[in-house]
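# Structural overview
Okay, here's what each chain looks like letter by letter:
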Amino acid sequence: MSSYALSHLDALESEAVHVFREVAGEFERPVILFSGGKDSILMLHLALKAFAPATVPFSLLHVDTGHNFPEVLAYRDRVVAEHGLRLEVASVQEFIDTGRLRERPDGTRNPLQTPPLLDAIERHRFDAVFGGGRRDEEKARAKERVFSLRDEFGGWDPRRQRPELWQLYNGRHAPGEHVRVFPLSNFTELDVWQYIAREKIELPSIYYAHEREVFHRAGMWLAPGDWGGPREGERTERRLVRYRTVGDMSCTGAVDSDALTIEAVIAEIAASRLTERGATRADDKLSEAAMEDRKREGYF
């Protein structure tokens, strides 16, 4: 008698689809955080699979820093139109213009995303918020459960994490609280790319090698822009680069790469000794506990 076993990618897909359906049955107003980055693209692809042939029963929410890569915003808008999805945008620029936030001296707006995010959650009464965080990305994210309870201020307390034995998820929360949900928790960066290759999922072009104007700062290649780069003395040059992760232009670095195809990207990642955030995200280098501190305040 032959035995049947799911492949590694099939098991990850099945787990994520189960999470989406569990949330749909347990919560009233879920929303998917969608930036146009590869993890949120994968998350949306899995949501579409979970509810096919029906449409995804959730809205999308993008916290727009105003310093996003144009290619990523164009991709976001194209996907939303293609699938007939509802998109809510929480704007950091609007918070700055109305005096609710101040620009940081370093020009980065990634840490400024928390107030607009929490405002959108409260205003739309979202009770479950899907995020694309994965445990392999960073130490604080490795502590997260799939269902992560947030208090009435959006804060995260690691001591309130609930056990999740046998894929049983507890979504109970008090009025004013909400739950962050991470269906990609057990994917690695390599898993993400292998799944994208298998499913032939389209990504923004900046994930593949391309010539781009960049300048060097704090060990990273950053793209010039209205956010404040380059400074005096920082020289731009054209290099063949790609992005492993996509966030605010002011803190997301490119890596030198000649990986023009998805197969070449997979080979490159398999040989890498650095995580994508460790290699290319300046906001995670502010301190040893930078991500955990932001999570306690309500960050993704």
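This section reports on the structure supplied with the text. The structure presented is a predicted model; accordingly, all values stated were derived computationally and were not measured.

This next bit is on the side chain of E234. Along the polypeptide, E234 turns up in the loop between β8 (220-222) and β9 (236-242). Here the side chain of E234 touches R217 through a polar contact of 2.8 Å, side chain to side chain. Excluding residues within four positions of it along the chain, E234 makes contact with F215, H216 and R217.

If you trace the 4 strands from one edge of the open sheet to the other, you get β8-β7-β9-β10, paired in antiparallel fashion. Because the sheet does not close on itself, it has two edges, and the strands there are β8 and β10 (255-256). Judged from the 3 bridges that link them, strand β7 (residues 210-217) and β8 form a sheet pairing that is antiparallel. The residue of β8 that forms the bridge with H216 is W221.

The next subject is the pairing of β9. Successive residues of a regular strand alternate their side chains across the two faces of the sheet. Judged from the 6 bridges that link them, β7 and β9 form a sheet pairing that is antiparallel. Bridging from a neighbouring strand, F215 pairs with T236 of β9. Of the pairings in the sheet, the one linking β9 to β10 comprises 2 bridges and is antiparallel in character. Residue pairing for β10: R242 is matched across the bridge by V255.

What follows deals with a nonpolar patch on the surface. A contiguous nonpolar surface patch, about 430 Å² in accessible area, is contributed by L165, W166 and L168. Mapped onto the elements of the fold, L165 is located in the loop between β5 (147-150) and β6 (178-181). The class for L165 is exposed, based on a relative accessible area of 53%.

So, on to the nonpolar core. Grouped together as the largest cluster of nonpolar side chains are 63 residues, with contacts concentrated most on F20, I32, F130, F147 and W193. It is helix α2 (residues 38-51) that contributes the most residues to this core, 8 residues altogether. Built from parts of two domains, this core gets at least three residues from each of domain 1 (8-190 + 289-296) and domain 2 (204-285). Discounting chain neighbours no more than four positions away, the residues touching F130 are V19, F20, V23, P30, V31, I32, L33, M43, F58, V181 and P183. The next biggest cluster of nonpolar side chains, apart from the first, holds 16 residues, and it includes A90, V92, I96 and I121.

What follows concerns the side chain of S40. Within the fold, S40 resides in helix α2. For S40, the side chain forms a polar contact with the main-chain nitrogen of S35, separated by 3.3 Å. A distance of 3.3 Å separates a polar atom in the side chain of S40 from the backbone nitrogen of G36. Excluding its chain neighbours within four sequence positions, the residues that come into contact with S40 are L33, F34 and S35.

What counts, and where the lines are drawn
- Within every chain, residues take consecutive numbers counted from 1 along the sequence as written.
- Since the coordinates come from a predicted model, pLDDT governs what is reported: local features require at least 70, and pairs of side-chain atoms require 80 or more to be given and counted, while whole-chain, interface and lining totals use all residues.
- Side-chain descriptors were evaluated using all non-hydrogen atoms of the structure, hydrogens and water having been removed beforehand.
- Starting at the N terminus, helices and strands are each numbered in turn, a helix being any DSSP run of H or I of at least four residues and a strand any DSSP run of E of at least two.
- As used in this structure description, the phrase polar contact means that two N or O atoms lie within 3.5 Å; if the pair is within protein, one of them must be able to donate a hydrogen and the other to accept it, and residues adjacent in sequence are counted only when both atoms belong to side chains.
- The contact criterion used is simple: two residues touch if any of their non-hydrogen atoms lie within 4.5 Å.
- When DSSP finds two or more bridges between two strands, those strands count as paired.
- A residue counts toward a patch only above 30% relative accessible area and without a salt bridge, and it is joined to like-charged neighbours within 9 Å or, for Val, Leu, Ile, Met, Phe, Trp and Tyr, to nonpolar neighbours within 5 Å.
- Values of accessible area rely on a 1.4 Å probe in the Shrake-Rupley scheme; residue burial ignores everything except the protein chains shown.
- Salt bridge, as used here: a side-chain nitrogen of Lys or Arg that lies within 4 Å of a carboxyl oxygen of Asp or Glu.
- Here's how the labels work: a residue is buried when its accessible area is under 20% of the maximum for its type, exposed when over 50%, partly exposed in between, all with a 1.4 Å probe on protein chains only.
- Remark: nonpolar core denotes a set of buried residues (Ala, Val, Leu, Ile, Met, Phe, Trp, Tyr, Cys) joined through side-chain atoms within 4.5 Å.
- Throughout, the edges of the domains are those of an automatic or database domain assignment.

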